[in-house]
Amino acid sequence: MGFQVIGRDISERILHERLREQAFDMTERNIAQFAILADHVRHPLQVIMGVADLLDDEAVAEKLREQVRRINVQIGELDREWMESRKIREFLKRYEL
């Protein structure tokens, strides 16, 4: 009578799984921070737009509005990228890639 033992070193697999989880966690934190940042930027932009409406100098007011619109476009891009990265993250988690 005898025993046969077959073993396999899975330490590398465990390491990769831990790194994968850390990457997902870091991505999640970064995305949350971008969302907060966007909100922190949007509020002052709304105030600036209100101030522009109160200015007597229409040329200066329009310059302010244009700059706010440009910044809003950039924030919109961040929002779209945030949504896209969320979809990618969900796909990767679902299929464990």
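Reference entry: report on the structure contained in this document. Predicted model only: the values in this text are computed from it and were never measured. (Residues numbered from 1 in each chain as written. Predicted model: local features only at pLDDT ≥ 70, side-chain atom pairs only at ≥ 80, totals over all residues. Heavy atoms only, no water.)

## Some details on the overall build of the chain
In terms of helices and strands, the chain carries 2 helices and 0 strands. Relative to a compact globule of 97 residues, whose C-alpha radius of gyration would be 13 Å, the chain shows 25 Å and is clearly more extended. Projected onto its principal axes, the C-alpha positions of the chain cover 100 × 15 × 15 Å. Residue burial in the chain is summarised as follows: out of 97 residues, 12% are buried. The long-range fraction of contacts in the chain, counting pairs at least 24 apart against all pairs at least 6 apart in sequence, stands at 59%. With the model as given, the accessible surface of the chain reaches about 8400 Å², and the carbon-plus-sulfur share is 59%. Charged side chains of the chain number 16 positive and 19 negative; the gap between the two group centres comes to 5 Å. (Helix = DSSP H or I, 4+ residues; strand = E, 2+ residues; numbered from the N terminus. Rg over C-alpha atoms; globule rule 2.2 N^0.38 Å. Buried < 20%, exposed > 50% of the residue type's maximum accessible area, 1.4 Å probe, protein only. Contact = heavy atoms within 4.5 Å. Areas by Shrake-Rupley, 256 points an atom, 1.4 Å probe, with all protein chains shown as cover. Lys, Arg positive; Asp, Glu negative; His and termini not counted. Charge placed at Lys NZ, Arg CZ, Asp CG, Glu CD.)

## Section: a nonpolar patch on the surface
Residues Val 47, Ile 48, Val 51, Leu 55, Val 60 and Leu 64 make up a contiguous nonpolar surface patch of about 400 Å² in total accessible area. Counting residues per element, the ones that place at least two in the nonpolar patch are α1 (11-54) and α2 (58-95). In terms of residue count, the dominant contributor to the nonpolar patch is α1 (3 residues). Residue position: Leu 64 is located in helix α2. (Patch = residues over 30% accessible without salt bridge, like charges linked within 9 Å, V, L, I, M, F, W, Y side chains within 5 Å. Salt bridge = Lys/Arg side-chain N within 4 Å of Asp/Glu carboxyl O.)

## Examining α1
Under the 1.5 Å per step criterion, the end-to-end length of α1 is 65 Å for 44 residues, consistent within 8% with the ideal 64 Å. Turning to α1, its buried residues number three or more, namely Arg 20, Phe 24, Ile 31, Ala 38, Leu 45 and Ala 52. In this structure, the buried side of α1 is in contact with α2. (Expected span 1.5 Å × (residues − 1).)

## Notes on α2
In this model, α2 (38 residues) spans 55 Å end to end at C-alpha, consistent with the 56 Å of a helix rising 1.5 Å per residue. Residues of α2 that are buried make contact with α1. Its side-chain oxygen 3.1 Å from the backbone nitrogen of Ala 59, Asp 57 forms the N-cap of α2. (Polar contact = N/O pair within 3.5 Å; in protein donor to acceptor, adjacent residues only side chain to side chain.)

## Here we look at the environment of Arg 18
Of note, Arg 18 is situated in helix α1. The spatial distance from the C-alpha of Arg 18 to the C-alpha of Arg 69 is 42 Å, given a sequence separation of 51 residues.

## Notes on the pattern of salt bridges
Within the structure shown, the criterion is met by 8 salt bridges. Arg 65 serves as the salt-bridge partner of Glu 62, at 3.4 Å between the closest nitrogen and oxygen. On the criterion of helical spacing, the pair formed by Glu 62 and Arg 65 is a turn pair, its members being 3 residues apart in helix α2. On the accessibility criterion, Glu 62 (34% relative accessible area) is partly exposed. The closest approach of N and O atoms between Glu 66 and Arg 69, which form a salt bridge, is 3.5 Å. Taken together, the residues span about one helical turn, with Glu 66 and Arg 69 both in helix α2 at a distance of 3 residues. Its relative accessible area of 35% is what places Glu 66 among the partly exposed residues. Overlapping salt bridges bring together Asp 53, Glu 58, Glu 62, Arg 65, Glu 66 and Arg 69 as one network.

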